[in-house]
Amino acid sequence: MSKIHYTKPSIHDLEVKYATDAAKNGWGENCYQYILRFEEQFKKYLGVRYAIATSSCTGALHMGLSALGIQQGDEVILADINWIATVAPITYLGAKPVLVDIDPNNWCIDPAKVIEVITANTKAIIATHIYGNLCAMGELQAISEQYGIPIIEDAAEAVGSEYQSIKAGSLGTFGVFSFHGTKTVTTGEGGMFVTNDAKVYEKVLTLSNHGRATNQEKQFWPSMIGFKYKMSNIQAAIGCAQVERIEELVAKKRAVFYYYENKLSHIKEISMNEQSALTKCSYWMPTIVFAEQLNIDRDKLLTCFSQQNIDARLFFWPLSQLDMFEDKPDNVNAYSISKRSINLPSYHDITEPEMDRVCLIISSFLKNSKDVMAVR
Ligand SMILES: *Cc1c(COP(=O)(O)O)cnc(C)c1O
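These figures come from a predicted structure and were not determined experimentally.

The rules behind each value
Residues numbered from 1 in each chain as written. Predicted model: local features only at pLDDT ≥ 70, side-chain atom pairs only at ≥ 80, totals over all residues. Heavy atoms only, no water. Pairing = 2+ DSSP bridges. Helix = DSSP H or I, 4+ residues; strand = E, 2+ residues; numbered from the N terminus. Buried < 20%, exposed > 50% of the residue type's maximum accessible area, 1.4 Å probe, protein only. Polar contact = N/O pair within 3.5 Å; in protein donor to acceptor, adjacent residues only side chain to side chain. Contact = heavy atoms within 4.5 Å. Axes fitted to C-alpha atoms, helices over the stretch in contact; angles between N-to-C directions. Near = heavy atom within 4 Å. Areas by Shrake-Rupley, 256 points an atom, 1.4 Å probe, with all protein chains shown as cover. Nonpolar A, V, L, I, M, F, W, Y, C, P; charged D, E, K, R; others polar.

Participant: How should I be thinking about the sheet that holds strand β6 (residues 162-163) in this particular structure?
Facilitator: The pairing of strands in a sheet comes from backbone hydrogen bonds and takes either a parallel or an antiparallel form. Ordered by their spatial adjacency, 3 strands build an open sheet running β7-β6-β11, and the pairing between neighbours is antiparallel. Each of the sheet's edge strands pairs with one partner strand only, and the pair in question is β7 (166-167) and β11 (279-280). The sheet contact formed by β6 and β11 spans 2 bridges and is antiparallel. Paired with E162 across the strands is K280, a residue of β11.

Participant: Would you take a moment to explain the pairing of strand β12 (residues 287-290) for this structure?
Facilitator: Walk down a regular strand and you will see the side chains alternate between the two sheet faces. Of the two faces of β12, the one carrying T287 and V289 and the one carrying I288 and F290 are both buried. Alignment of strand β10 (residues 270-272) against β12, held across 3 bridges, turns out to be antiparallel. For I270, the partnering residue across the bridge sits in β12 and is F290. Sheet analysis places β12 next to strand β14 (residues 341-343), joined by 3 bridges and oriented antiparallel. Bridging from a neighbouring strand, I288 pairs with I342 of β14.

Participant: Is there a simple way to explain the side chain of S178 in this structure?
Facilitator: Looking at where S178 falls in the secondary structure, it is placed in strand β8 (residues 174-178). By relative accessible area, S178 is classed as buried at 9%. Here the side chain of S178 touches H180 through a polar contact of 3.2 Å, landing on its backbone nitrogen. Excluding residues that lie within four positions of it along the chain, S178 makes contacts with C57, A156, K183, V185, G190 and G191.

Participant: I would appreciate a short explanation of the sheet that holds strand β5 (residues 151-154) in the present structure.
Facilitator: Read across the sheet, 7 strands follow the order β1-β9-β8-β5-β4-β2-β3 without closing on themselves; strand pairing throughout is mixed. Pairing within the sheet leaves two strands with one partner each, and these edge strands are β1 (50-54) and β3 (96-100). Here the average twist between neighbouring strands, direction ignored, is 20°. Pairing of strand β4 (residues 122-128) with β5, which is carried by 4 bridges, proceeds in the parallel orientation. Bridging across to β5, I126 finds its partner in I152.

Participant: Can you help me understand the site of the ligand in this one?
Facilitator: By nearness alone, 13 residues border the ligand, and T58, D154, E157, S178 and K183 come closest of all. Between T86 and the ligand, the recorded distance is 3.3 Å, taken from a side-chain N or O atom to a nitrogen atom. For the ligand, an oxygen atom lies 2.4 Å from a polar atom in the side chain of E157. Considered on its own, the ligand offers 390 Å² of accessible surface; in the complex 91% of this is hidden by protein. When contributions to the shell around the ligand are tallied by element, the ones reaching two or more residues are α3 (57-67) and α4 (84-92). Among the residues making up the shell around the ligand, the classes are represented as 4 nonpolar, 6 polar and 3 charged.

If you want it as structure tokens, here you go:
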């Protein structure tokens with residue numbers, strides 16, 4: 001039985017052509033050519049004024065938070081369900097992450113819970129569009145205006161997602177993206193910082209250049225301690241090809257989701273990624289949440305997948321369950337949903353027979369567990 005990976009990039013001749021060109025010719029005075037082109041293309045796609053390519057999304061977020069002046073004693077609010085990369089940069093700056101519960105429908109930060117934890121020290125709210133699902137941006141923007149707290153979008157999982165026809169990542173004070181090998185658009189490793197705010201852009205540009213201001217004429221003269229989170233020209237070359245193909249890449253991810261959704265629609269005890277009248281989801285990870293009353297044995301389910309040579313992925317753990325953070329069992333939705341959810345394999349070129357194999361495991365697993373419940 002062939003292996004079904006949960007994700008892998010879509011690399012065509014175009015990516016190979018550009019990367020080869022960058023490796024052959026992208027040096028000396030050409031050494032920034034693909035980087036600048038990648039930033040231009042990405043800005044155009046997203047509809048933002050400024051973009052800075054980075055070595056990772058983590059680095060982009062670190063610089064952005066730093067540019068907002070976030071430091072020791074400050075608090076940053078984010079959802080308990082998140083990848084570690086979203087919370088880590090807050091701690092790099094000595095600030096305190098405040099982890100709140102998720103909305104059970106979109107699995108993203110719950111705006112009502114945000115209001116409860118705002119203090120005089122709150123300096124930012126991070127809206128992570130988990131698995132491509134959109135945060136409740138309208139409510140978050142209202143909170144932002146009322147309390148004067150910036151919203152930051154972690155759009156690492158949401159390239160191609162939209163809120164009221166506006167692209168995810170372009171709605172907050174700044175947005176960050178990841179081009180890690182598992183993401184919809186990839187450069188191997190890589191990220192992007194985007195904003196419409198000229199001041200924030202200038203600050204991050206200086207920080208990203210080891211603290212050297214763009215108007216500084218003296219050579220080797222940093223005006224502050226900055227960072228080194230730059231993307232290489234070769235990575236950017238791959239990125240240029242990926243952005244030329246971005247509509248295709250996003251469309252393929254959406255098609256994968258719809259195939260699964262259709263095939264699994266007869267199972268009433270599961271729910272999948274939310275797309276509402278206000279949002280368009282790019283479905284980075286097609287995800288299944290099993291109803292609470294099924295009381296599924298997730299480890300058993302994952303064993304069924306591995307026996308069939310298929311990768312399935314766990315839903316993220318609540319960050320507050322990790323040893324580095326204080327437990328927050330009151331985040332009931334985060335704790336409950338995390339235990340009974342999985343991501344399905346979803347690379348762009350997955351075939352229908354492969355997805356059928358995945359669906360078969362889910363339906364037979366549910367049938368068996370129901371039989372077990374009936375016997376009890
Ligand atoms: C992948 C991911 C990141 C981290 O991206 P890197 O490029 O690996 O730093 C951050 N946030 C979320 C939500 C992610 O899924």
